[in-house]
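Architecture and fold: a report
Listed below are the residues making up each chain.
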Amino acid sequence: MFAPTYLDHNATTPIDARVFDAMLPYLRERFGNPSSRHEYGRQTRDAIERARYQVAEAVGAHPTEVIFTSGGSEANNLFLKGAAARMEAGVLAIGASEHPCVTRAAQQLVGQGWQLQTLPLDAEGALDVAAAASLCEQARPKLVSVMLANNETGVLNAVAGLAQQVRSRGAWVHTDAVQALGKYPIDFRVLGVHGMTLSAHKIHGPVGAGALVVDKRVDLSPLVAGGGQERGLRSGTENVAAIVGFGQACELVKSELQQRISGMQLAHAELERGLLGLGAKIFGAGALRLPNTSYLAFAGIDGETLVGRLDRAGFAVASGAACSSANPEPSRTLLAMGVVPELARCAIRVSLGPEMSRETIERFLSVLQQTVNELRQLTALAV
Ligand SMILES: Cc1ncc(COP(=O)(O)O)c(C=O)c1O
């Protein structure tokens, strides 16, 4: 099979062989229902509890704070809707660049009487903490959700600072840490949030597992009612193999994080030097960012067209946010940063994996240069 070079790790990641090996027994001989009171059930129950410990260890939480879900989208929905269901409707504040599984969940709550307050970004794409704190001072939100790292720009938000300010006024604070896990150190206690979302498939684990890490003092209403699994917060027979894979992927994050970050930093610096040399605009370049993400544009060159050309030339990159690539609108994140729509439509995202050789980056830059030159010539001919 033709295998283009994969530079889209913020969309999803290839499964690590060690994760795959850990999962296999739970797809074959260890098939028991974890709620069953016999040896088959005990084997899978133990496997889930071990995974819970591995996830908790990777993010500085206690295992009893980890609620397994089907992924990041479900965990975000569980926190927002589960918390909202326990309160009188009030103000819900979310960052301006949240993932659609937060913004759309928030819009559903608006339909139930909640008022939505959007917290602004600065020109580099980071949450404007002073403006957000002052808006929260006025609006007194009951719920606040701000992502730790943005999936498009890779920009990191000062979640701990905001949490400290709004918690003291009684708000419940949540962060979507899906993109940060595996690329940035995370400590649930240091962040000081009530809830935090994680997803397995962004860290070389399987699709179909994620977690909401949630402070035990927070009382959530379940989205899925039933047999009472996951402390009654997420009923349904557990996806044991995926949960085991998630646990293993988290253990690898814990033991390899620094090594992965260093590897990504080297390749990323090389990539961005080259991009600037080619005249690209890199969004959020002045902000603290994940070590693997570059969101960039060549003025006048449509992002979708460039992605298609690069695909045919053997490189898999994304235009805008992969999760909403069915949507041809310019990125909300870029618009919130004050980027004009014409330039926002030119954006493409390159997101590296932990093992990206210098040679791969050089090859990519050379193909990118050639492709951009060809597209510029076509654009020049068209006018
Ligand atoms: C920031 C962020 N949050 C949530 C999600 C959704 O996670 P999942 O695919 O596990 O539902 C994604 C996936 O792209 C994401 O990037």
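Residues numbered from 1 in each chain as written. Predicted model: local features only at pLDDT ≥ 70, side-chain atom pairs only at ≥ 80, totals over all residues.

Once that is clear, we can look at the domain arrangement of the protein chain. Each assigned domain of the protein chain is listed here: domain 1 (5–12 + 257–382) and domain 2 (17–252). Just the C-alpha atoms count here: the centres of domain 1 and domain 2 sit 28 Å apart. Listed per partner, the contact involves 28 residues of domain 1 and 26 residues of domain 2. When contributions to the side of domain 1 that touches domain 2 are tallied by element, the ones reaching two or more residues are helix H8 (240–277), strand E10 (293–297) and helix H10 (332–336). In terms of residue count, the dominant contributor to the side of domain 1 that touches domain 2 is H8 (4 residues). Here the residues of the side of domain 1 that touches domain 2 sort into 13 nonpolar, 11 polar and 4 charged. (Domains from an automatic or database assignment. Contact = placed C-beta atoms within 7 Å. Helix = DSSP H or I, 4+ residues; strand = E, 2+ residues; numbered from the N terminus. Nonpolar A, V, L, I, M, F, W, Y, C, P; charged D, E, K, R; others polar.)

Turning our eyes to something else, we now look at the sheet that holds strand E5 (residues 143–145). Reading across the sheet, the 7 strands line up as E2-E8-E7-E6-E5-E3-E4 and stay open at both edges, with mixed pairing between neighbours. What marks the edges here is a single partner per strand, and that holds for strand E2 (66–69) and strand E4 (115–119). Direction aside, neighbouring strands of the sheet carry axes that sit 20° apart on average. In the packing of helix H2 (residues 39–59) onto the sheet, the strands contacted are E2, strand E7 (195–199) and strand E8 (210–214), and the crossing angle to E2 comes to about 115°. (Pairing = 2+ DSSP bridges. Axes fitted to C-alpha atoms, helices over the stretch in contact; angles between N-to-C directions.)

The alternating pattern of E2 places Val 66 and Phe 68 on one face and Ile 67 and Thr 69 on the opposite face, and all of these are buried. Looking at chain direction, E2 and E8 are connected through 4 bridges and run antiparallel. What sits directly across from Phe 68, in E8, is Ala 211. (Buried ≥ 20, exposed ≤ 12 C-beta atoms within 10 Å, placed from the backbone.)

The contact between H2 and H8 brings their axes to 8 Å, and the two run at 30°. Where H2 crosses over H8, the two elements pack in a sense that is left-handed. Here H2 contributes Thr 44, Ala 47, Ile 48, Arg 50, Ala 51, Gln 54, Val 55, Glu 57 and Ala 58 to the contact with H8, which in turn contributes Val 240, Ile 243, Val 244, Phe 246, Gly 247, Gln 248, Cys 250, Glu 251, Val 253 and Lys 254. Residues of the contact of H2 with H8, tallied by class, amount to 11 nonpolar, 4 polar and 4 charged. (Left-handed = near helix turned anticlockwise from the far one by under 90°.)

Overall, the predicted model of the protein chain reaches an average pLDDT of 96, with 97% of residues at or above 70. Averaged pLDDT values for the elements of the protein chain fall to 93 in helix H12 (residues 358–382) and rise to 99 in E7. Contacts from residues 321–325, a stretch scored under 50 in pLDDT, to residues over four places away or in other chains number 11 contacts. (pLDDT = per-residue confidence, 0-100.)

Here the focus is the site of the ligand. Every one of the 14 residues lining the ligand counts as a neighbour, but Gly 71, Gly 72, Ser 73, Asn 151 and Ser 199 are closest to it. When grouped by side-chain class, the residues that make up the shell around the ligand number 4 nonpolar, 9 polar and 1 charged. (Near = placed C-beta within 6 Å.)

Packing of helix H3 (residues 72–84) against helix H4 (residues 100–110) leaves a shortest axis separation of 9 Å and a crossing angle of 25°. Between H3 and H4, the crossing angle belongs to the class labelled roughly parallel. The handedness of the crossing between H3 and H4 is right-handed. Mapping the contact onto sequence places Gly 72, Ser 73, Asn 76, Asn 77, Leu 80, Lys 81 and Ala 84 in H3 and Cys 101, Val 102, Ala 105, Ala 106 and Leu 109 in H4. (Parallel < 35°, antiparallel > 145°, perpendicular 65-115°, else oblique.)

As a further point, take the pairing of strand E6 (residues 172–176). Taken across its 5 residues, E6 has 5 buried, putting it largely inside the fold. Burial along E6 is two-sided: Trp 172, His 174 and Asp 176 and Val 173 and Thr 175, pointing in opposite directions, are all buried. Pairing of E5 with E6 involves 3 bridges; the strand directions are parallel. Bridge pairing in E6 links Leu 143 to Trp 172. The handedness of the E5 to E6 crossover, carried by helix H6 (residues 159–167), is right-handed. (Right-handed = clockwise from strand over helix to strand, strands pointing away.)

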